[in-house]
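Observations on the model geometry
The lines below spell out each chain.
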Amino acid sequence: MEKVKKTDEEWRQQLTPEQYHVARQKGTEPAFTGKYWDNHEDGTYRCACCGAELFDSKTKFESGTGWPSFSAPVDGNSVRTETDTSHGMRRVEALCAQCDAHLGHVFPDGPQPTGSRFCMNSASLDFKKKE
Ligand code: FE
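The paragraphs below set out a description of the structure included in this document. (Residues numbered from 1 in each chain as written. Predicted model: local features only at pLDDT ≥ 70, side-chain atom pairs only at ≥ 80, totals over all residues. Heavy atoms only, no water.)

Thoughts on the sheet that holds strand β2 (residues 53-56)
In any sheet, the strands associate via hydrogen bonds between backbone groups, in a parallel or an antiparallel arrangement. Reading across the sheet, the three strands line up as β2-β1-β9 and stay open at both edges, with antiparallel pairing between neighbours. Pairing within the sheet leaves two strands with one partner each, and these edge strands are β2 and β9 (125-129). If you compare each strand with its neighbour and ignore which way they point, the axes differ by 30° on average. Pairing geometry for strand β1 (residues 43-47) and β2, over three bridges, is antiparallel. For T44, the partnering residue across the bridge sits in β2 and is D56. (Pairing = 2+ DSSP bridges. Helix = DSSP H or I, 4+ residues; strand = E, 2+ residues; numbered from the N terminus. Axes fitted to C-alpha atoms, helices over the stretch in contact; angles between N-to-C directions.)

Structure below.
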């Protein structure tokens, strides 16, 4: 995979202030405020920064958290994870494998068969409705 690399200033110019804060500065949008937590349409969720396909609506489920939640990424290479020890917690951070955008966190309390809950920020995603 070809990595997408841009300077901080380039990202700042390309993204909205909220997208920049969440995706490039590891921010978190307040629960129940993003545009996708309650989106039920069929389609794919792409990276808001580089356009890489990250999640399919088929894996989206009702987590009750106020953030769009998925049981798995579209494939094993699209999303990478890192240990995140910020804010006094030990969590698994999810990032776009292509451009390193911060997407959210992964928790081990999702539905079967994966058992994973990819708790994402709407601000890091760009939904494309299925034609
Ligand atoms: Fe990306």
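Further notes follow.
Quick look at unusual backbone geometry
Here the bond from Q112 into P113 is cis, since omega is 10°, no more than 30 degrees from zero. In this fold, P113 is placed in the loop between β7 (102-107) and β8 (117-120). One non-glycine residue, D100, adopts positive backbone phi at about 65°. Inspection of the secondary structure puts D100 in the loop between β6 (91-96) and β7. With a relative accessible area of 23%, D100 lands in the partly exposed category. (Buried < 20%, exposed > 50% of the residue type's maximum accessible area, 1.4 Å probe, protein only.)

A short note on the packing of aromatic side chains
Applying the stated criterion across every chain yields a total of seven aromatic pairs. Relative to W37, the ring of F32 has its centre 4.9 Å away and its plane inclined at 85°; by these criteria the two rings are edge-to-face. Using a relative accessible area of 46% as the deciding quantity, one classes F32 as partly exposed. A residue is classified by how much of its surface remains accessible, and W37, at 27% relative accessible area, is partly exposed. On the basis of an interplanar angle of 55° and a centroid distance of 6.1 Å, the ring pair of Y36 and F127 is categorised as tilted. Pair noted here: Y36 is in the loop between α2 (17-25) and β1 and F127 is in strand β9, with a separation of 91 residues, a long-range link. Note on accessibility: Y36 and F127 belong to one class, buried. (Phe/Tyr/Trp six-rings, centres within 6.5 Å; stacked < 30°, edge-to-face > 60°.)

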